[in-house]
Amino acid sequence: RTWTSLRRCRLRVDGELGAGLEMEASELGYVVDEVGSSPGQDHELRHGAAIVAVSGARLFGLPPAEVEAAFGQHFADGAELLLLDADELREALILRDSNGECPCDAADEEDPERVVPPEESANYELLRRAKSSTEYESLVHIPVGRATVWNLGPEPMSYFLQDLARTHE
């Protein structure tokens, strides 16, 4: 992944005023809520930034109490901060987690390199069989990951696109 908002800056700390930052510890690291005018932080350190590392110490992925402890150990004027926009980081986590939860994207255990075609999925025949006289139309939402869509053959892809078109009617 290429991070579009990845950047570095130096923390400014005044002996009496501190850093002038309002932040919240989270699994993202420290997320900046507000930057005071004193002592005057670098423009890269702004509202919505996630401090993912300080002086080489990782904050991202730590429990909030550990984020606070690690940041406290390195809290000093001139400490190097590694930043990402919190929104970009949250989107990446959602994408990672959504792909990780979809069993349809799981690799074949015997051959991890093999991509399982949709025709071999457990529900493929169920979806394509003829409707019986006791069945009625219904709408079913099935989450499909990008890997599944990109690996569809021409016929399943056309079915998929038709299904998508129906959702917009």
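Because the structure is predicted, anything quoted here is derived from the model rather than measured.

K.L.:
Please explain the pairing of strand β1 (residues 7–10) as it appears in this structure.
P.N.:
Within a regular strand, the side chains alternate between the two sheet faces. Of the two faces of β1, only one is covered, namely that formed by Arg7 and Cys9; the face formed by Arg8 and Arg10 stays uncovered. Judged from the 4 bridges that link them, β1 and strand β6 (residues 80–85) form a sheet pairing that is antiparallel. Considered in β6, the bridge of Arg8 is made with Leu82.

K.L.:
Sorry, what's going on with helix α1 (residues 64–74) here?
P.N.:
Because each turn of an α-helix spans 3.6 residues, side chains separated by three or four positions end up pointing in the same direction. Looking only at α1, the buried set comprises Val67, Ala70 and Phe71. Mapping the buried residues of α1 onto a view down its axis gives an arc of 95°, with all of them on the same face. In this structure, α1 carries Ala65 and Gln73 as exposed residues pointing more than 90 degrees from its buried face. Packing partners of the buried residues in α1 comprise β2 (21–26), β3 (29–35), β4 (49–54) and β6.

K.L.:
I'm lost on a negative patch on the surface in this one. Help?
P.N.:
A cluster of acidic residues, Glu22, Glu24, Asp33 and Glu34, forms a negative patch on the protein surface. Every element with two or more residues in the negative patch is listed here: β2 and β3. Locating Glu34 in the fold gives a position in strand β3. For Glu34, a relative accessible area of 49% translates into the label partly exposed.

Conventions and cut-offs
Residues numbered from 1 in each chain as written. Predicted model: local features only at pLDDT ≥ 70, side-chain atom pairs only at ≥ 80, totals over all residues. Heavy atoms only, no water. Buried < 20%, exposed > 50% of the residue type's maximum accessible area, 1.4 Å probe, protein only. Helix = DSSP H or I, 4+ residues; strand = E, 2+ residues; numbered from the N terminus. Pairing = 2+ DSSP bridges. Arc of directions from axis to C-beta. Contact = heavy atoms within 4.5 Å. Patch = residues over 30% accessible without salt bridge, like charges linked within 9 Å, V, L, I, M, F, W, Y side chains within 5 Å. Areas by Shrake-Rupley, 256 points an atom, 1.4 Å probe, with all protein chains shown as cover. Salt bridge = Lys/Arg side-chain N within 4 Å of Asp/Glu carboxyl O. Lys, Arg positive; Asp, Glu negative; His and termini not counted. Charge placed at Lys NZ, Arg CZ, Asp CG, Glu CD.

By themselves these figures say nothing about function.
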